[in-house]
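Each chain is listed here by its residues.
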Amino acid sequence: MGPQTFMTLCDILQREGGLKATRWSSVEEQVAKSIYILTHNAKNREVNFWFLRSGETISRHLHQVLRAILELEDKFLVQPDGSTVPHEISSSYRFYLYFKDCVGAIDGTHIRVKVSAKDAPRYRGRKDYPTQNVLAACTFDLKFTYVLAGWEGSSSDSRIIKNALTREDKLKISQGKYYLVDAGFMLTSGLITPYRGVRYHLKEYSARNPPQNSKELFNLRHSSLRNAIERAFDPDEDLIAEVDAELANQNVSHDNHQGSRSDRDELAMGGVIKDSFMASNKQLPINNGNSGTLTWNRAMDDALVDAFIHEYEKGNKFNGTFTTSAYENIAAELRALFVNKIDKLKIKNRWKTLKKNFP
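Predicted model only: the values in this text are computed from it and were never measured.

Novice: Would you mind going over the packing of aromatic side chains with me for this structure?
Specialist: The description of an aromatic ring pair rests on the distance of the ring centres and on the angle between the ring planes. Tallied over the entire structure, the rule returns 8 aromatic pairs. Note on phenylalanine 308 and phenylalanine 322: the rings are 4.9 Å apart at their centroids and 65° apart in plane angle, and the pair reads as edge-to-face. Taken together, the positions of phenylalanine 308 in helix α13 (residues 298-313) and phenylalanine 322 in strand β7 (residues 321-322) put the pair 14 residues apart, joining distant regions of the chain. Taken individually, phenylalanine 308 and phenylalanine 322 each receive the classification buried, so the pair is uniform in this respect. When the ring of phenylalanine 308 is compared with that of tryptophan 351, the centres are 3.8 Å apart and the planes differ by 20°; the resulting orientation is stacked. In this pair, phenylalanine 308 sits in helix α13 while tryptophan 351 sits in helix α15 (residues 344-357), placing the two residues 43 residues apart along the sequence. No difference in accessibility class separates phenylalanine 308 from tryptophan 351, as the two residues are buried. Taken together, the ring pairs in this structure connect Phe308, Phe322, Tyr327 and Trp351 into an aromatic cluster. The ring of tyrosine 129 carries the charged tip of arginine 112 above its face, separated from the ring centre by 4.2 Å.

Here you go:
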């Protein structure tokens, strides 16, 4: 954290969080001590050495800062109303086709806690140590919009999300909108899970192993967007890979009781929504150029978009126009994946068609 950001944080906590300086300790010192404890998992004795304060003073200041942070909840945790399509979706042909009504992603993360030996078994789930299973929702620009803490580490995601949807300070999902969740959650009209029994994780796909059908394409897009919540929890790539591996190996967990009629209705509605994604996707007009007939499918369009992104990242676009070598590279890549009929002219024509039909 830079000095300017730190001072801005102190100002917000003082102005809107109610944090006050004491006779012997400024707001800046209280915040600095708290950040040091939270980021380094520092013990009271270590902070006492660096800041020359008693253990009681350090503990009191930490709790004052935490209470001030909680006062900022309404300012920073703003649930989306669904009135606008997220920019990350509206600006992308890859996502807009499926997810224009999606408002964010939801997942749980396990936070280590210290509890009594008597309570420890309830808090020990998939980890070897006691944790809380904290539910969180975020937008695709990695801003948290809802957080529910306190549940034991042994609690399933489905149980926690049911509580989040019915409690007083509940998770709000506007009519016709939904969040993306993994297979550990229940499928409803407001929570869209991936197709089970179908490839899902990003590492399972590549340019030479593209989606083979509409369900695989849906799962690939779902995984790409839902990954936002993993990055929001922690941007470290190694941790994201570890979480993805956990999700791939975990068993689907649900409450062990017969669902109510409303639960079954919601499950059916969620399935209808997912299936409608495929049914409503219009087939784009085919622009074949002048060198033979070619029928484009969704997997080919997907590979085409990815290839253009790759060429852009390689620097093969100047003054708003892709270079000749870029088109030749893309044509060669798609010929290797699909059919030999694909040439530079067909690539150009199809690219124009895609840009014309989608935002």
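Moving on, there is more to tell.
Novice: Help me understand the state of the cysteines in this model?
Specialist: In a disulfide, the sulfur atoms of two cysteines are covalently bonded to one another. Under the definition given, this model contains 0 disulfides. Between cysteine 102, a cysteine without a disulfide, and cysteine 138, which holds the nearest cysteine sulfur, the sulfur-to-sulfur distance is 9.9 Å. Judged by relative accessible area, which is 1%, cysteine 138 ranks as buried.

Novice: I keep staring at the sheet that holds strand β5 (residues 191-192) and nothing clicks. Help me out?
Specialist: Strand pairing within a sheet occurs via backbone hydrogen bonds; the two strands may be parallel or antiparallel. Reading across the sheet, the 5 strands line up as β3-β2-β1-β4-β5 and stay open at both edges, with mixed pairing between neighbours. Edge positions in the open sheet fall to β3 (144-148) and β5, since each of these has one partner strand only. The sheet contact formed by strand β4 (residues 178-180) and β5 spans 2 bridges and is parallel. Bridge pairing in β5 links tyrosine 179 to leucine 191. Packed onto the sheet, helix α9 (residues 157-166) meets β1 (102-112), β2 (131-138), β3 and β5 and runs at close to 55° relative to β2.

Novice: Help me out: how do you make sense of helix α1 (residues 3-15) in this one?
Specialist: Every α-helix winds through 3.6 residues per turn, so residues three or four apart in the chain are directed the same way. In this model, α1 (13 residues) spans 18 Å end to end at C-alpha, consistent with the 18 Å of a helix rising 1.5 Å per residue. Among the residues of α1, those classed as buried are Phe6, Cys10, Ile12 and Leu13. Angularly, the buried residues of α1 cover 165° about the axis, an arc narrow enough to put them on a single face. When the buried face of α1 is taken as reference, the exposed residues oriented beyond 90 degrees from it are Gln4 and Arg15. Looking at the packing, one finds that the buried side of α1 touches α2 (27-40), α4 (55-70) and α5 (73-76).

Novice: Can you help me understand the environment of tyrosine 195 in this one?
Specialist: Relative to the assigned elements, tyrosine 195 resides in the loop between β5 and α10 (214-233). On a C-alpha basis, the gap between tyrosine 195 and glutamate 216 in space is 8.1 Å, while along the polypeptide they are 21 residues apart.

Novice: Please clarify how the layout of surface pockets should be interpreted in this entry.
Specialist: Empty space among the atoms becomes visible once a probe the size of a water molecule is rolled across them. Here the largest pocket is characterised by a volume of approximately 1400 Å³. As for the largest pocket, its lining consists of 34 residues, and the residues nearest its centre are Ile69, Leu70, Leu77, Phe144 and Val147. Elements supplying a minimum of two residues to the lining of the largest pocket: α1, α2, α4, α5, β1, β2 and β3. Among the residues forming the lining of the largest pocket, the class breakdown is 23 nonpolar, 5 polar and 6 charged.

Novice: Looking at this structure, how should I read the packing of α2 against helix α3 (residues 44-51)?
Specialist: For any two helices packed against each other, the geometry is given by the interaxial angle and the distance between the axes. Where α2 contacts α3, the axes come no closer than 11 Å and their chain directions differ by 140°. Looking at the two axes, α2 sits oblique to α3. In this structure, the crossing between α2 and α3 has a hand that is right-handed. Between α2, through Glu29, Ala32, Lys33, Tyr36 and Ile37, and α3, the contact on the second element is made entirely by Glu46, Val47, Trp50 and Phe51. Looking at the contact of α2 with α3 residue by residue, the class counts come to 6 nonpolar, no polar and 3 charged.

Novice: Could you clarify how one ought to interpret α10 in this entry?
Specialist: Compared with an ideal rise of 1.5 Å per residue, which puts 20 residues at 28 Å, α10 spans 30 Å between its outermost C-alpha atoms and is within 8% of the ideal. The principal kink in α10, of about 25°, is found at leucine 225. In terms of burial, α10 is a largely internal element, 16 of the 20 residues being buried.

Novice: Honestly, the pairing of β1 in this entry has me stumped. Any pointers?
Specialist: Regular strands show a simple pattern: their side chains alternate between the two faces of the sheet. Counting buried positions along β1 gives 8 out of 11 residues, so the element sits mostly inside the fold. As paired elements, β1 and β4 share 3 bridges and run parallel to each other. Note that in β4 the partner of alanine 105 across the bridge is leucine 180. Here β1 pairs with β2 via 8 bridges, running antiparallel. The partner of glycine 108 across the bridge, within β2, is leucine 135.

The rules behind each value
- Throughout, residues of each chain are indexed from 1 in the direction in which the sequence is written.
- The model is predicted, so local features are restricted to residues of pLDDT at least 70 and side-chain atom pairs to those at 80 or more, both for listing and for counting; the totals for chains, interfaces and linings are taken over all residues.
- Calculation of side-chain values draws on the structure's entire complement of heavy atoms; hydrogens and water are dropped beforehand.
- When the centres of two rings from Phe, Tyr and Trp lie within 6.5 Å, Trp using its six-membered ring, the rings pair. Their planes under 30 degrees apart give stacked, over 60 give edge-to-face, and anything left gives tilted.
- Every helix listed is a DSSP run of H or I at least four residues long, and every strand listed is a run of E at least two residues long, numbered separately from the N terminus.
- Residue exposure (1.4 Å probe, protein chains only): buried if accessible area is under 20% of the type maximum, exposed if over 50%, otherwise partly exposed.
- To sit over a ring, a charge needs its Lys NZ or Arg CZ within 6 Å of the ring centre and within 35 degrees of the ring normal.
- Any two cysteine sulfur atoms within 2.5 Å of one another count as a disulfide.
- Only strands joined by at least two bridges in the DSSP assignment are considered to pair.
- Any pair of residues with heavy atoms lying within 4.5 Å of one another is described as a contacting pair.
- Axis definition: a line fitted to C-alpha atoms, limited for helices to the stretch in contact. Angles are taken between N-to-C directions and run from 0 to 180 degrees.
- Expected span of a helix, by definition, is 1.5 Å for each gap between consecutive residues, and there is one gap fewer than residues.
- The directions considered for the arc are those from the helix axis to the C-beta atoms.
- We place a 1 Å grid over just the protein atoms. Points where a 1.4 Å probe fits but has no way out form a cavity, open points with protein on both sides within 12 Å along at least 5 of 7 lines form a pocket, and any residue with an atom within 4 Å of a point lines it.
- Grid points are joined across faces, edges and corners, and a volume is the space filled by probe spheres set on the points.
- The classification used treats Ala, Val, Leu, Ile, Met, Phe, Trp, Tyr, Cys and Pro as nonpolar, Asp, Glu, Lys and Arg as charged, and all other residues, Gly among them, as polar.
- Here the angle decides the label: under 35 degrees means roughly parallel, over 145 means roughly antiparallel, 65 to 115 means roughly perpendicular, and every other value means oblique.
- Working rule for handedness: look at the near helix, and if it is turned counterclockwise from the far one by less than a right angle, call the crossing left-handed; if clockwise, right-handed.
- Bend is the name given here to the angle between axes fitted to two runs of seven residues, the run ending at a residue and the run starting at it.

Shape is all these values report; function is a separate question.
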